[in-house]
Amino acid sequence: MDAEKPLGVELESRSQTAGVPATDRTVGPEANDGVPQRDPRQALRAERWLAEENRVIAEIGRIVASDLHIEQVYQRFAEEVGRLIPFDRLAIGLTNALIDIPENINKVAYSAGLMAHRQPGDLVALEGSVVSAAIHSRSTQLFSTEREEDVARLFPGNLPAFRAGIRTLLVVPLIHSDQVIGSLNFTSTSIDAYVAEHVRMAKNVAAHITGAIANALLYARLEERDRELQALAEIGRILGSNLDIDEVYEGFAQEVRKLISCDRLAITLTGELADVEEGYYRRVYATGLQESRPQGEVVPLEGSVIEAATRSGAAALFTAETEEEVAQRFPGNLNLFRSGIRTFLNAPLTFDGRVIGTLNFSSTTPRAYSTKEVDLAQRLTVQISGVVANAQLHRQVVEASNALAWNARELERSNSDLAEFAYVASHDLQTPLRSIVGFSKFLSKEYGDKLDEEGHDYIRRLSNAAARMKTLIDDLLAYSRVGREVAEEETDCQAVFDDELETLQLTIEEAGAVVTHDPLPRLRMDSSLFRQVIRNLTENAIKYRGDESPRVHISAQRGSGEWVFSVRDNGIGIDPQYSERIFGVFQRLHSRDEYSGTGIGLAICKKAAQRLGGRIWVESQVDRGSVFYFTVPQDEDHRQGTVAPEDRERQIA
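Residues numbered from 1 in each chain as written. Predicted model: local features only at pLDDT ≥ 70, side-chain atom pairs only at ≥ 80, totals over all residues. Heavy atoms only, no water.

Chemist: Describe the pattern of salt bridges, with residues and values.
Modeler: Pairing of side chains with opposite charge becomes possible as their charged atoms draw close. The final tally for this structure, using the stated rule, is 16 salt bridges. Across the pair R163 and E148 runs a salt bridge, and its minimum N-O distance is 2.8 Å. Of the two residues, R163 sits in helix α5 (residues 159-163) while E148 sits in helix α4 (residues 148-154), which places them 15 residues apart along the sequence. Relative accessible area serves as the criterion here: at 57%, R163 is assigned to the exposed category. Of the charged contacts, one joins R367 and E321 as a salt bridge, the two residues approaching to 3.1 Å between their closest N and O atoms. A residue pair is termed long-range when its members are at least 10 positions apart, and R367 in the loop between β12 (354-363) and α12 (371-446) and E321 in the loop between β10 (316-319) and α10 (323-329) qualify at 46 residues. (Salt bridge = Lys/Arg side-chain N within 4 Å of Asp/Glu carboxyl O. Helix = DSSP H or I, 4+ residues; strand = E, 2+ residues; numbered from the N terminus. Buried < 20%, exposed > 50% of the residue type's maximum accessible area, 1.4 Å probe, protein only.)

Chemist: I'd like to hear about the sheet that holds strand β11 (residues 343-351), residue by residue, with values.
Modeler: Pairing within the open sheet is antiparallel, and its six strands lie in the order β9-β8-β7-β12-β11-β10. Each edge of the sheet is formed by a strand with only one pairing partner; in this case those strands are β9 (298-300) and β10. Ignoring which end each strand starts from, the neighbouring axes of this sheet average 30° apart. Pairing of strand β7 (residues 264-270) with β12 involves six bridges; the strand directions are antiparallel. The residue of β12 that forms the bridge with A266 is N360. (Pairing = 2+ DSSP bridges. Axes fitted to C-alpha atoms, helices over the stretch in contact; angles between N-to-C directions.)

Chemist: If you had to explain the environment of V299 to someone new, which residues and values would you point to?
Modeler: Looking at the secondary structure, you find V299 in strand β9. Judged by relative accessible area, V299 falls into the buried class, the value being 3%. Remark: the alpha-carbon pair of V299 and T270, spanning 29 residues in sequence, is separated by 10.0 Å.

Chemist: Hey, could you go over the sheet that holds strand β1 (residues 89-94) for me, with residue numbers and the actual values?
Modeler: Strand order across the open sheet formed by six strands is β3-β2-β1-β6-β5-β4, with antiparallel pairing between neighbours. Because the sheet does not close on itself, it has two edges, and the strands there are β3 (123-125) and β4 (141-144). The average angle at which neighbouring strand axes cross in this sheet is 30°, direction not considered. In this structure, β1 lies alongside strand β6 (residues 179-188), joined through six bridges in antiparallel fashion. Pairing of L90 across the sheet is with F186, part of β6.

Chemist: I'd like a description of the environment of V326, backed by residues and values.
Modeler: Looking at where V326 falls in the secondary structure, it is placed in helix α10. Residues V326 and V305 lie 21 residues apart in sequence; the distance between their C-alpha atoms is 10.0 Å. In contact with V326, other than residues within four places in its own chain, are F318, A320, P331, N333, L334 and F337. (Contact = heavy atoms within 4.5 Å.)

Chemist: Could you give an account of the side chain of T270, naming the residues involved and the relevant values?
Modeler: Relative to the assigned elements, T270 resides in strand β7. Once residues within four sequence positions are removed from consideration, T270 is found in contact with V276, Y280, Y281, L301, V355, I356 and G357.

Chemist: Hey, could you go over the packing of helix α16 (residues 527-543) against helix α17 (residues 601-611) for me, with residue numbers and the actual values?
Modeler: When two helices pack together, their arrangement is given by the angle between the helix axes and the distance between those axes. At a closest axis distance of 9 Å, the pairing of α16 and α17 adopts a crossing angle of 150°. In the packing of α16 onto α17, the handedness of the crossing is left-handed. Across from L529, Q532, V533, N536, L537 and N540 in α16, the residues of α17 making contact are G601, L602, I604, C605, A608, A609 and R611. For the contact of α16 with α17, a count of residues per class yields eight nonpolar, four polar and one charged. (Left-handed = near helix turned anticlockwise from the far one by under 90°. Nonpolar A, V, L, I, M, F, W, Y, C, P; charged D, E, K, R; others polar.)

Chemist: Tell me what's going on with the pairing of strand β16 (residues 551-558), and back it up with residues and numbers.
Modeler: Of the pairings in the sheet, the one linking strand β14 (residues 514-517) to β16 comprises four bridges and is parallel in character. Its bridge partner being in β16, H517 is matched across the sheet by I554. Looking at chain direction, β16 and strand β17 (residues 562-569) are connected through seven bridges and run antiparallel. Directly across from H553, in β17, lies its bridge partner R568. Here β16 folds back onto β17 in antiparallel fashion, the turn holding three residues, of which G561 has a positive phi close to 75°.

Chemist: So, unusual backbone geometry: which residues are in play, and what are the values?
Modeler: Of note, the phi angle at N104 is positive, near 65°, even though the residue is not glycine. Tracing the sequence through the fold places N104 in the loop between β1 and β2 (105-113). On the accessibility criterion, N104 (39% relative accessible area) is partly exposed. A positive phi is found at R138, a non-glycine position, where the angle reads about 60°. If you trace the backbone, R138 turns up in the loop between α3 (130-137) and β4. Among the residues examined, R138 registers a relative accessible area of 36% and is labelled partly exposed.

Written out as structure tokens, the structure reads:
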């Protein structure tokens, strides 16, 4: 029976039967037994058959040369081939030589006849089939049997075809440029349906269509590459055209789905960009088939294909046909599986050397994606990662700016209310306070001779308390007014400091203090704020002195974009644990009996320094003196300079 070593054929399907019924067993000049016939009628039949064969071959040649769209060629080819070779089913399968499918998988390109469940585009495993034998041996295979055990032993992959009624299989490998690009498959429900002449003709017609299939595949690849390049160019335009990330997502998804077919496309973000903790992700975009979780919900990464892509930094591809498979490997994807998804392709989005999220493709078809889609998905992530990150950062900046603007308005309103309250409260307090002071003096003057020592002590305490309250009210007013209106002007720091030394002259003389300074610059700033800081810090340096006469030194050094002023003293120092606390309102480290004051001076310094656009801090140790630092921002356009003689010293004793 066999024209070549009998092996097997891949059995694709379609409901429609093309060609001549397999019951016609007389072919060409030979009968089914292959023995030449000498009857004149047989000779005439052979002559007519040869003429028909030549006509069909010529027509097939014309058909395959007439159209690059191979789907149209297949049908007309099958109709003509059926005039020469009887079949109950004709199929053409393609290997991974010119198309992107896994190894040992056949893609159905055309199918007509029995086994209608196989459709063009279906992927069929080759293992254990006659088609596999033809492809790997690169030779035509003819196999026929009526015994199922023969099929199970030799070609178990063809058992479904046998049980569907197929008894004879003829497979011709399609070889182009020394590559097996597919196979031409004839099947019949009759035993020993094909003879040597059928094999010869099958190889002949296969040779005619092989080139057409290869050219069509190459043409389709070029068309696909052209569509891909156009889509990638459009994606680039979309990504660079808008900072509104929601609009970018929509345009991006529309173009991407032209490149990678999917039933669902989603983008997820992790970490700071998504405002989620480690181990979680947030879906920021999804289109197509939806799962039960709402958009924007924070979801654990654990047990998902997204986690696999995120942890590895490489695309993760997973396909499953049963819920058990998903539950075992990726239970985090059960929701999507139950909604119909069977193939998951997740590619990581990488920005600044770290994974920030994933681009996710899902299909309801098992094994929907191959290495081609994986490579393309990773190329797409390169395009979109930076845009997603920048847009998300832009969104966060806008949201933060809006929040800051709102907070600033609220703070301004609050400060305005507070300042108004402080002014009204202090003004209203001044009247009863003046009454207390006035009546204290009146009592002391009019009834002093009638009071004993204890009565005079009460009046003295009352007067002192009223005086302290007046000082406190004045300091609160000063604090509330700090920086209420900032007016920048060219400020001679040396001249301001000299004025303050004149103001503090009596204090300096009484303490026997020595105040020195380095050359001080000219800066553009609010001079009244600078005056408040330098006055309070100098006065405190003199006030909180130890056993030695106070020595205070003021200096200024230019830093990176700012000037750093320092006020150094040899006083009692501060425990470092209180270095922040001392700048709060009413925060005192000593009793009023030890050192006078309201505890507002350093709070005024801090507020003034902040209004200047700088900061203030202290470095100190108990009994080792203190150094208070404060900064003033400095633009390059501002004029720099000093006006005082170097290391000028003033001592008033």
